[in-house]
Amino acid sequence: MINAVLVFNNNGQPRLVKFYSQIDIALQQRLLQQIFNLVANRPATACNFLPLPPLLAGSNSWNTSDADEPITLLYRHYATLYFIVISDSLESPLGLLDLIQVFVQALDQLFENVCELDLIFNFETLHATIEEMIVGGCVVETDLNKIVACVRESEKVVKKGHGMRPGGGTGAGAGRGGFMGGDLVWTGR
């Protein structure tokens with residue numbers, strides 16, 4: 001099971017933080033800092049597999065089914081972004097590296113040469129992409145074309161519905177229900 005997917009920039013600012021296991025917020029913040037420090041201090045020639053941060057080593061912080069399962073932490077560094085996956089030992093490390101690669105390729109296709117600003121200003125697309133790939137900590141899709149098509153389709157639905165209010169109207173008011181929209185008329189008390 002995947003416990004977390006993280007994306008940091010070179011300055012340690014999180015651009016995506018997605019935990020799939022329940023963990024205390026204060027512990028999450030300390031964990032994010034330790035993980036970034038581990039990743040940022042590694043030489044470019046080092047392997048992509050990391051030792052556990054001190055907060056996780058020897059602790060039972062993750063709510064997993066088997067507390068004895070070791071936790072794997074791996075990453076890829078692309079330009080100004082670090083993509084990090086934390087998982088239990090049941091996930092294939094090479095499969096997770098491939099998952100990161102597919103995630104980055106999907107973002108690259110969706111944004112035409114993705115950069116950090118794309119992730120900041122289009123965080124909905126970032127989250128939609130990871131949600132097409134991972135649900136509840138389980139990998140559900142790795143086909144790049146299907147992921148990109150589904151995210152683009154969901155963006156079309158959002159754009160098509162943009163400007164519509166929950167009641168079905170456009171919010172113009174025009175004496176037909178005002179704030180309620182639709183065909184309902186508010187009669188007051």
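Residues numbered from 1 in each chain as written. Predicted model: local features only at pLDDT ≥ 70, side-chain atom pairs only at ≥ 80, totals over all residues. Heavy atoms only, no water.

**Q** Teacher, can you tell me more about the pairing of strand 1 (residues 2-9) here?
**A** Where a strand is regular, its side chains alternate between the two sheet faces. Strand 1 sits mainly inside the fold: 8 of its 8 residues count as buried. Strand direction decides the pairing type here: strand 1 and strand 5 (residues 81-88), joined by 7 bridges, are antiparallel. Along strand 5, the bridge assignment pairs Ala4 with Ile86. With 5 bridges joining them, strand 1 and strand 2 (residues 14-19) adopt antiparallel strand pairing. Counterpart to Val5 in the pairing with strand 2 is Lys18. Linkage of strand 1 to strand 2, two consecutive antiparallel strands, is achieved through a turn of 4 residues, within which Gly12 is found at a positive phi near 90 degrees. (Buried < 20%, exposed > 50% of the residue type's maximum accessible area, 1.4 Å probe, protein only. Helix = DSSP H or I, 4+ residues; strand = E, 2+ residues; numbered from the N terminus. Pairing = 2+ DSSP bridges.)

**Q** Explain the packing of aromatic side chains here, please?
**A** Aromatic rings in a pair are described by how distant their centres are and how their planes are angled relative to each other. This structure, assessed with the given rule, holds 5 aromatic pairs. Between Phe36 and Tyr82, the ring centres sit 6.0 Å apart and the planes meet at 80 degrees, which makes this aromatic pair edge-to-face. A residue pair is termed long-range when its members are at least 10 positions apart, and Phe36 in helix 1 (residues 25-40) and Tyr82 in strand 5 qualify at 46 residues. For the residue pair Phe36 and Tyr82, the accessibility class agrees, reading buried in each case. (Phe/Tyr/Trp six-rings, centres within 6.5 Å; stacked < 30°, edge-to-face > 60°.)

**Q** Help me out: how do you make sense of the environment of Phe36 in this one?
**A** Phe36 gets classed as buried once you look at its relative accessible area, which sits at 11%. Once the C-alpha coordinates of Phe36 and Ile84 are considered, the two residues, 48 residues apart in sequence, prove to be 9.2 Å apart. Leaving out residues up to four positions away in the same chain, Phe36 has contacts with Phe8, Asn9, Asn10, Asn11, Gly12 and Tyr82. (Contact = heavy atoms within 4.5 Å.)

Remember that the coordinates give geometry; whether it matters functionally is a separate question.
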